[in-house]
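So you can see what is in the structure, the chains are spelled out below.
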Amino acid sequence: MLPIAPNTVAEDIADVTADVTADVTADVTADVTADVTAGIHGLAERVAYRYAGAERKHRFRFLFDPLRLLVQTGFIERYVAGGNPFPPSVEIDPSNVCNHDCGFCIYHSMHREDRRERLSREKLLSLVDELHALRCRSILFVGGGEPMTNPHTVEAIERAAALGISTGLVTNGSLIDGSHAARLKRAATYVRFSFDAATRDTHLALHRRDDFDRIVRNLRLLAEAEGSGTIGTGYFITDANVHEIFANAQLVKDTGADYIQFKTYSGLPTESKLHERVLHAVERAIDLSDGNFDVHVMDRIFENHCFQVRGYSRCHFQAMKTVINADGSLYLCAQKRTDPAGRIGNVHEQSLAEIWNGVKRSRVVNELDLVSCPYCVHDRQNKSIEFMARFRAPHRGFY
């Protein structure tokens, strides 16, 4: 038998030790990683899990979920195949006039004294008819300005409903009287008040109009009216009203409304101390959810992030929803409402079909610089459509 060299023995022992150490280290690392990532970490995650538990019991689940687009299968198939179908949903601004003066409103610049446009009754109703002919499925009457400053808005909602089009109304709620309430509850799919205070003083500071009590009365009238429409409110959180989150939710619930939605600016992170106050207040409000009242909390309140990487090849969501402003301008999307570069035509000059299939819209879409776009609330929809249109990997069968 040949003698074994001492250095060979040492090398073998080193190799075995290294293998054992690597295995042990990998096991320990896996265990530590599992321990670190498991469970709930921090206030935001704790409140988000609490919300998830309440959300699973909502009467109206996924009311504001971006993945609602997945039910639009026929439209998406035509679009992905290279077609140019007219959008299934449209926003109409009946008026650029607003009787409130909210400093936080992203469309505040449209409420100047020189911007007093309203769509005429004839044009408003003809647009509804035109949209029906184009197989539009839903119309949101919004702003722009306050839609109820146009005296023909309710009639337009009734016209759309009679044609089988789902309709929504987003309003500050101050101009809805008893007769409006009864008609809207029957005709509208939903009505949502922008209502972000629990006291007269805070409302006055935010909206710069002393009509808090009237809005509460109108919300109650609408909730109590006969009809199938859902009634809710949207609470835009700022440092000026964070202290009234719970009290407002309780007030809204007491009126008989169906839900409240909490939201903050998209793309602007909330300062850490304010974010903590928001989370604590929202956590209390979540407990108001029950079989008759839903508390909806937008994801961005938990995530609090401030950037996106829009890596898709183009904006796809512009094909799913467009905006008709009170001056007749058609815009590529709601976030281009105040941007002249986003204007693709005017309904006083061309039909909706002509604008949609026209050269100008094609040029605006093709020249759109996604990096320069504002923070997009439809980012997830764009990524989903991009995936459906571009997925070519050989791993299709794996999940």
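Please refer to the structure placed before this passage.
Every chain is numbered independently, its residues counted from 1 as its sequence is written. Reporting of local features is limited, given that this is a predicted model, to residues whose pLDDT is at least 70; pairs of side-chain atoms are given and counted only at 80 or more, and all residues count toward the totals for whole chains, interfaces and linings. To obtain the side-chain values, all non-hydrogen atoms of the structure were used and water was disregarded.

**Concerning a positive patch on the surface**
Residues Arg314, Arg390, Arg392 and Arg396 make up a contiguous surface patch of positive charge. The secondary structure listing takes helices from DSSP runs of H or I that are at least 4 residues long and strands from runs of E that are at least 2 residues long, numbered from the N terminus. By secondary structure assignment, the location of arginine 392 is in the segment after α14 (379–390). Since its relative accessible area comes to 62%, arginine 392 is described here as exposed. Surface patches are drawn from residues lacking salt bridges whose relative accessible area is over 30%; two like charges belong together within 9 Å, two nonpolar side chains (Val, Leu, Ile, Met, Phe, Trp, Tyr) within 5 Å. Every accessible area reported is derived by Shrake-Rupley at a probe size of 1.4 Å, with residue values counting cover from the shown protein chains alone. For salt bridges, the criterion is a side-chain nitrogen of Lys or Arg within 4 Å of an Asp or Glu carboxyl oxygen. Charge counting follows a simple rule: Lys and Arg are positive, Asp and Glu are negative, and His as well as the terminal groups are ignored. Taken as the charge centre is NZ of Lys, CZ of Arg, CG of Asp or CD of Glu, depending on the residue. Only protein chains enter the accessibility calculation, which uses a 1.4 Å probe; a residue whose area is less than 20% of its type maximum is buried, one above 50% is exposed, and one in between is partly exposed.

**Some thoughts on the environment of glycine 178**
Residue position: glycine 178 is located in helix α6 (residues 178–187). Under the relative-accessibility criterion, glycine 178 is labelled partly exposed at 41%. Counting along the chain gives 39 residues from glycine 178 to arginine 217, while the straight-line C-alpha distance between them is 9.7 Å.

**Focus on helix α2 (residues 42–55)**
The length a helix should cover is 1.5 Å for every residue beyond the first. Relative to the 20 Å expected for 14 residues at 1.5 Å per residue, α2 spans 20 Å between its end C-alpha atoms, a close match to the ideal helical length. What α2 keeps buried is the set Val47, Tyr51, Ala54 and Glu55. For α2, the buried positions fall inside an angular range of 95° around the axis, keeping them on one side. Contacts were defined at the residue level, with two residues in contact if any of their heavy atoms lie within 4.5 Å. Where α2 is buried, its residues contact α10 (272–286), β7 (294–297) and α11 (299–303). Taken from the helix axis, the directions to the C-beta atoms give the arc we talk about.

**Side note on the packing of aromatic side chains**
Centres within 6.5 Å are what make two rings of Phe, Tyr or Trp a pair, Trp counting through its six-membered ring; a difference in plane orientation under 30 degrees is then read as stacked, over 60 as edge-to-face, and the rest as tilted. By the definition in use, this model includes eight aromatic pairs. Pairing phenylalanine 86 with tryptophan 356 gives two aromatic rings, centres 5.4 Å apart and planes at 65°, and the pair type is edge-to-face. With phenylalanine 86 in the loop between α3 (73–80) and β1 (89–92) and tryptophan 356 in helix α12 (residues 352–356), this residue pair connects regions lying 270 residues apart in the sequence. Judged by relative accessible area, which is 11%, phenylalanine 86 ranks as buried. Their ring planes at 75° and their centres at 4.6 Å tell us that phenylalanine 236 and tyrosine 265 sit as a pair that is edge-to-face. With phenylalanine 236 in strand β5 (residues 230–236) and tyrosine 265 in the loop between β6 (259–263) and α10, this pair connects stretches of sequence that are 29 residues apart. Pairwise contacts between aromatic rings join Phe104, Phe236 and Tyr265 into one cluster. A ring is considered to have a charge above it if a Lys NZ or an Arg CZ atom is located within 6 Å of its centre and within 35 degrees of its normal. The cationic tip of arginine 284 hangs over the ring face of phenylalanine 246; the distance from NZ or CZ to the ring centre is 3.8 Å. Between arginine 361 and the ring centre of tryptophan 356, over which it is positioned, the NZ or CZ distance is 3.5 Å.

**A short note on the pairing of strand β4 (residues 190–194)**
The criterion for strand pairing is that DSSP finds at least two bridges linking the strands in question. In the sheet, strand β3 (residues 166–171) pairs with β4 via four bridges, with the strands oriented parallel. Counterpart to glycine 168 in the pairing with β4 is tyrosine 190. Crossover handedness for the path β3 to α6 to β4: right-handed. Looking at chain direction, β4 and β5 are connected through five bridges and run parallel. Considered in β5, the bridge of phenylalanine 193 is made with threonine 233. Orient the strands so they point away from the viewer; a crossover is then right-handed if the path from the first strand over the helix to the second runs clockwise.

**Here we look at the side chain of threonine 167**
Mapping threonine 167 onto the fold places it in strand β3. Of the polar contacts made by the side chain of threonine 167, one reaches the backbone oxygen of alanine 187; its length is 3.5 Å. Each polar contact in these results corresponds to two N or O atoms within 3.5 Å; when the atoms are within protein, one needs to be able to donate a hydrogen and the other to accept it, and residues that are neighboring in sequence are counted only if both atoms are side-chain atoms.

**Some remarks on the packing of helix α8 (residues 212–224) against helix α9 (residues 245–255)**
The axes are straight lines fitted to the C-alpha atoms, using for helices just the contacting stretch, and the angles between their N-to-C directions are given from 0 to 180°. Between α8 and α9, the shortest axis-to-axis distance is 8 Å and the interhelical angle comes to 40°. When the axis of α8 is compared with that of α9, the two are oblique. In this structure, α8 contributes Phe212, Val216, Leu219, Arg220 and Ala223 to the contact, and α9 contributes Leu251, Val252, Asp254 and Thr255. Under the grouping applied here, Gly and all other residues not named as nonpolar or charged are polar, the nonpolar ones being Ala, Val, Leu, Ile, Met, Phe, Trp, Tyr, Cys and Pro and the charged ones Asp, Glu, Lys and Arg. When its residues are assigned to classes, the contact of α8 with α9 shows six nonpolar, one polar and two charged. Reported orientations rely on four angle classes, namely roughly parallel under 35 degrees, roughly antiparallel over 145, roughly perpendicular from 65 to 115, and oblique for the rest.

**Let's talk about the sheet that holds strand β9 (residues 329–331)**
What links the strands of a sheet is backbone hydrogen bonding, and the strands pair in either a parallel or an antiparallel sense. If you walk across this open sheet you meet the ten strands as β7-β6-β5-β4-β3-β2-β1-β8-β9-β10, and the pairing is mixed. Only two strands of the sheet have a single partner each, and these edge strands are β7 and β10 (343–346). Each adjacent strand pair in this sheet contributes to an overall mean axis angle of 20°, direction not counted. Sheet topology note: the strand β8 (residues 321–324)/β9 ladder contains two bridges and is antiparallel. Across the sheet, the residue bridging to isoleucine 324 is leucine 330, located in β9. Sheet contacts for helix α4 (residues 121–133): β1, β2 (138–141) and β8; angle to β2, the most-contacted strand, approximately 155°.

**Comments concerning the pattern of salt bridges**
Inspection of every chain in the model, using the stated rule, returns 18 salt bridges. Among the salt bridges present, the one from arginine 121 reaches glutamate 155, with a minimum N-O distance of 2.7 Å. One end of the pair, arginine 121, is in helix α4; the other, glutamate 155, is in helix α5 (residues 153–162), with 34 residues separating them in the sequence. We note a salt bridge from arginine 159 to aspartate 129, for which the minimum N-O separation is 2.8 Å. One end of the pair, arginine 159, is in helix α5; the other, aspartate 129, is in helix α4, and 30 residues separate them in sequence. The exposure class assigned to aspartate 129 is partly exposed, which follows from its relative accessible area of 31%. Residues participating in the shared-partner salt-bridge network are Arg46, Arg50, Glu283 and Asp287.

What is shown is where atoms sit, not what they do.
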